[in-house]
There are 2 protein chains.
Amino acid sequence: MLLANADIDNGEGLTERQQAVLDAALRLLVEEGDNLTMTAVARRASCSKETLYKWFGDRDGLLTATVQWQASKVRVASVDGKGLDLASLTASLERFASDWLSVISSDTSIALNRVAVGHAGSGKDDLGAVVLENGRFALAKRLKPVLEAGRQAGLLEFADAEMAFRTFFGLVGRDVQIRLLLGDRLELTEAAIGGDAIRATQQFLALFGAKTGPQGL
Amino acid sequence: MLLANADIDNGEGLTERQQAVLDAALRLLVEEGDNLTMTAVARRASCSKETLYKWFGDRDGLLTATVQWQASKVRVASVDGKGLDLASLTASLERFASDWLSVISSDTSIALNRVAVGHAGSGKDDLGAVVLENGRFALAKRLKPVLEAGRQAGLLEFADAEMAFRTFFGLVGRDVQIRLLLGDRLELTEAAIGGDAIRATQQFLALFGAKTGPQGL
DNA sequence: GCCGAACCGTAACGTACGGTACGGCCCGCG
DNA sequence: CGCGGGCCGTACCGTACGTTACGGTTCGGC
């Protein structure tokens, strides 16, 4: 912290050492799942359990701090809605889809979602809410302006932006996330992700793209 | 039920008493999540722990037995592909969508998926595989013949049935399952499910319905 | 009526792990 | 140089829970 780079920005007041500890916890979470022990984290991070408890108070505290810390790293570049032609809109949608698929198929995301889902049952902490907020809702918050801009430009047609977003979400994700969470081997190569992004975008445009002529439905 | 119906059919060799025990375990799973204790199950089922271990061997054994038994109950009525007109195809798709949404939004399904996802991380058992097999893959197996029949009848157009199914899956489920698993309050009324089923079906038909005239894309 | 098997209730054991306490080390500061 | 705070390593405690063991009870078969 004495080397005062802008830790306030991403890590919201975390010492570099603390971030290193959280990184270790995250790596351990990916490997071990929810059954990681405080001792294991301490050993991996080369710190004492006393420090762990002093800094994060609790096992749940450590977990939520880890999840939030990882969430703060996932900020993907947002797209401004200035590109008003169909090509740039398509590119933006494809980029979103591709980024999203990359995220949800990453090891860390899978591990984090797993532990969050597991904890959502017995509501001791709000890991589920945190993941939801930084995952699905953050995505919506960044994508909706693009959709609105597309509608303003006459490229898209929809009544409810939320509904349009959810459709896009479904077209992109399909069964991928639940299959990965349930342990299905489903390796998404770079190429497959790109192809899926293009397909989902085309399907979305087919459903919500503005028809030049009169349209039914 | 007491009149010795074919238990061999659904319960694959489980005595009624054992099924009752599994029912208790299931109810407890819904209430407590994965942190249910053997003692709690024994108390709820009014049986001894010794019996539990004798019958299911292990805690994981009990869990898998519970999941499999619940899975054996979810068999929804399959639809034969004899109705070749658009109306019956639409009705079938809507029925599937509605059934599926009802299932994944039910308390038991959420609880089961939660524990399966949690266990998928550290692969001690194959709960994830079981759930996947009886959930998403069973759905595909039942729906694909309908899609194929629709294609045979000239009502649908697609190259890969798997791909078409996954699109339908995405259009129906969208973000519902992950949100529910992560603990988002999202109450799906009967009416909302029906509406979603109709919407998803319409969107699917818009994407994969056979155009009478020449089509682009 | 008697025997053995299955099962219930409960007590007991072992262990793993969350949480805490304590001694030693480093390091900045007076 | 001495002091004190922060941290490491580790040993320790309490407890919850999986698993096992055992005495008592019901019940079908002879």
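Residues numbered from 1 in each chain as written. Chains lettered and ligands numbered in written order. Predicted model: local features only at pLDDT ≥ 70, side-chain atom pairs only at ≥ 80, totals over all residues. Heavy atoms only, no water.

**Brief notes about the overall build of chain A**
Rules: Secondary structure follows DSSP: runs of H or I at least 4 residues long count as helices, runs of E at least 2 residues long count as strands, and numbering of each begins at the N terminus. With a 1.4 Å probe rolled over the protein chains alone, any residue whose accessible area is under 20% of its type maximum counts as buried; one over 50% counts as exposed, and the rest are partly exposed. Two residues form a contact once any of their heavy atoms are found within 4.5 Å. Surface accessibility follows the Shrake-Rupley procedure with a 1.4 Å probe radius. Residue values consider only the protein chains on display as shielding.
When helices and strands are tallied, chain A shows 11 helices and zero strands. Ordering the α and β elements of chain A from the N terminus gives α-α-α-α-α-α-α-α-α-α-α. The buried share of chain A, reckoned over its 217 residues, is 49%. The long-range share in chain A, meaning contacts at least 24 apart out of those at least 6 apart in sequence, stands at 69%. Accessible area of chain A: about 10300 Å², with a carbon and sulfur share of 53%.

**What to know about the relation of the copies chain A and chain B**
Heads up, the condition is: For the least-squares superposition of copies, only C-alpha atoms count, and only for residues with pLDDT at least 70 in both.
Laying chain A over chain B is done by rotating through 180° and shifting 0.0 Å along the axis; what remains is an RMSD of 0.1 Å. Both chain copies can therefore be described as sitting about a two-fold axis. It is G170(A) whose C-alpha, among those of chain A, lies nearest the rotation axis, at 2.1 Å. When you check the interface residues of chain A against chain B, 100% turn up at the interface there too, and the contact is symmetric in its surfaces.

**A few points about the interface of chain A and chain B**
So the rule is basically this: Throughout, buried area stands for the accessible area (probe radius 1.4 Å) lost by two parts on being put together, summed over both. Within this document, salt bridges are pairs made up of a side-chain nitrogen of Lys or Arg and a carboxyl oxygen of Asp or Glu, the two lying within 4 Å of each other. Whenever a nitrogen or oxygen atom comes within 3.5 Å of another N or O atom, the pair is scored as a polar contact, on the condition that within protein one atom can donate a hydrogen and the other can accept it, and that pairs from neighbouring residues in sequence are kept only if both atoms are in side chains. Gly counts as polar in this scheme, as do all residues outside two lists: the nonpolar Ala, Val, Leu, Ile, Met, Phe, Trp, Tyr, Cys and Pro, and the charged Asp, Glu, Lys and Arg.
Tallying the contact residues gives 39 residues for chain A and 39 residues for chain B. It is R166(A), R174(A) and L182(A) that lose the most area in chain A upon contact with chain B, and together they represent 21% of the buried surface on that side. Taken together, the connections running from chain A to chain B amount to four salt bridges. Put simply, D175(A) and R166(B) hold a salt bridge, and the shortest N to O gap is 2.9 Å. Applying the counting rule to chain A against chain B returns six residue pairs in polar contact (both at pLDDT 80 or more). Sorting the residues of the side of chain A that touches chain B by element identifies α7 (107-121), α8 (127-152), α9 (161-173), α10 (176-181) and α11 (190-208) of chain A as the ones contributing at least two each. When residues of the side of chain A that touches chain B are assigned to their parent elements, the largest contribution, seven residues, is made by α9(A). For the side of chain A that touches chain B, a count of residues per class yields 18 nonpolar, 11 polar and 10 charged.

**Here we look at the pattern of salt bridges**
Applying the stated criterion to the full structure yields 26 salt bridges over all chains. D34(A) serves as the salt-bridge partner of R59(A), at 3.6 Å between the closest nitrogen and oxygen. Placement of R59(A) in helix α5 (residues 59-73) and of D34(A) in the loop between α2 (16-32) and α3 (38-45) is noted, with a sequence separation of 25 residues between them. Accessibility expressed as a relative area gives 26% for R59(A), which makes it partly exposed. Overall, D34(A) belongs to the partly exposed group, its relative accessible area being 31%. Look at the salt bridges and you will find they share partners, linking R136(A), K144(A), E162(A), R166(A), D175(B), R179(B) and D184(B) into a network.

**A closer look at the environment of A164(A)**
All names here are of chain A. Within the element layout of this structure, A164 appears in helix α9. Judged by relative accessible area, which is 0%, A164 ranks as buried. In this structure the C-alpha to C-alpha distance between A164 and L147, which are 17 residues apart in sequence, comes to 8.2 Å. Setting aside residues no more than four positions away along its own chain, A164 makes contact with L147, F158, F204 and F208.

**Digging into the protein's contact with DNA strand D**
For clarity, the cut-off: The near set for a molecule or strand comprises every residue that places at least one heavy atom within 4 Å of it.
As a matter of local geometry, DNA strand D sits amid 15 residues, with R17(A), E50(A), T51(A), K49(B) and D58(B) nearest to it. Near-protein atoms of DNA strand D (within 4 Å) split between backbone and bases, with sugar and phosphate holding 57%. At 2.7 Å, a side-chain N or O of T51(A) approaches a phosphate oxygen of DNA strand D. Within the backbone of M38(B), an N or O atom sits 3.0 Å from a phosphate oxygen of DNA strand D. Only α4 (49-56) of chain A together with α4 (49-56) of chain B provide two or more residues apiece to the surface near DNA strand D.

**Concerning the packing of α7(A) against helix α7 (residues 107-121) of chain B**
We apply this condition: Angles run from 0 to 180 degrees between N-to-C directions of axes, and those axes are lines fitted to C-alpha atoms, restricted for helices to the stretch in contact. By the definition adopted for this analysis, an angle is roughly parallel if under 35 degrees, roughly antiparallel if over 145, roughly perpendicular if from 65 to 115, and oblique otherwise. By the definition used in this description, the sense in which the near helix is turned from the far one sets the handedness, with an anticlockwise turn below a right angle giving left-handed and a clockwise turn giving right-handed.
Two elements in contact, α7(A) and α7(B), have axes whose closest approach is 8 Å; the angle formed by their N-to-C orientations is 140°. By the angle class used here, α7(A) and α7(B) are oblique. Between α7(A) and α7(B) lies a crossing whose hand is left-handed. Packed against α7(A), whose contacting residues are R114(A), V117(A), A120(A) and G121(A), the element α7(B) presents R114(B), V117(B), A120(B) and G121(B) at the interface. Of the residues contributing to the contact of α7(A) with α7(B), the split by class is four nonpolar, two polar and two charged.

**Regarding the packing of aromatic side chains**
Test applied: Only rings of Phe, Tyr and Trp enter the pairing, Trp through its six-membered ring, and a pair is recorded when the two centres are within 6.5 Å. The plane angle decides the type: under 30 degrees is stacked, over 60 is edge-to-face, the rest tilted.
Inspection of every chain in the model, using the stated rule, returns 10 aromatic pairs over all chains. Ring centres of F204(A) and F208(A) lie 5.0 Å apart, and the angle between their planes is 35°; on these two criteria the pair is classed as tilted. Placement of both F204(A) and F208(A) in helix α11 is noted, with a separation of four residues, approximately one turn of the helix. A single burial state applies to F204(A) and to F208(A), both of which are buried. The interplanar angle of 70° and the centroid separation of 5.1 Å between the aromatic rings of F168(B) and F204(B) together place this pair among those described as edge-to-face.

**Quick word on the protein's contact with DNA strand C**
In the neighbourhood of DNA strand C, 15 residues make up the surrounding shell, with K49(A), E50(A), D58(A), E50(B) and T51(B) lying closest. Taking all atoms of DNA strand C within 4 Å of the protein, the share assigned to sugar and phosphate is 58%. Contact between DNA strand C and M38(A): a phosphate oxygen at 3.0 Å from a main-chain N or O atom of the residue. Within the side chain of R59(A), an N or O atom sits 3.0 Å from a phosphate oxygen of DNA strand C. Classifying every residue of the surface near DNA strand C by side-chain character gives five nonpolar, four polar and six charged.

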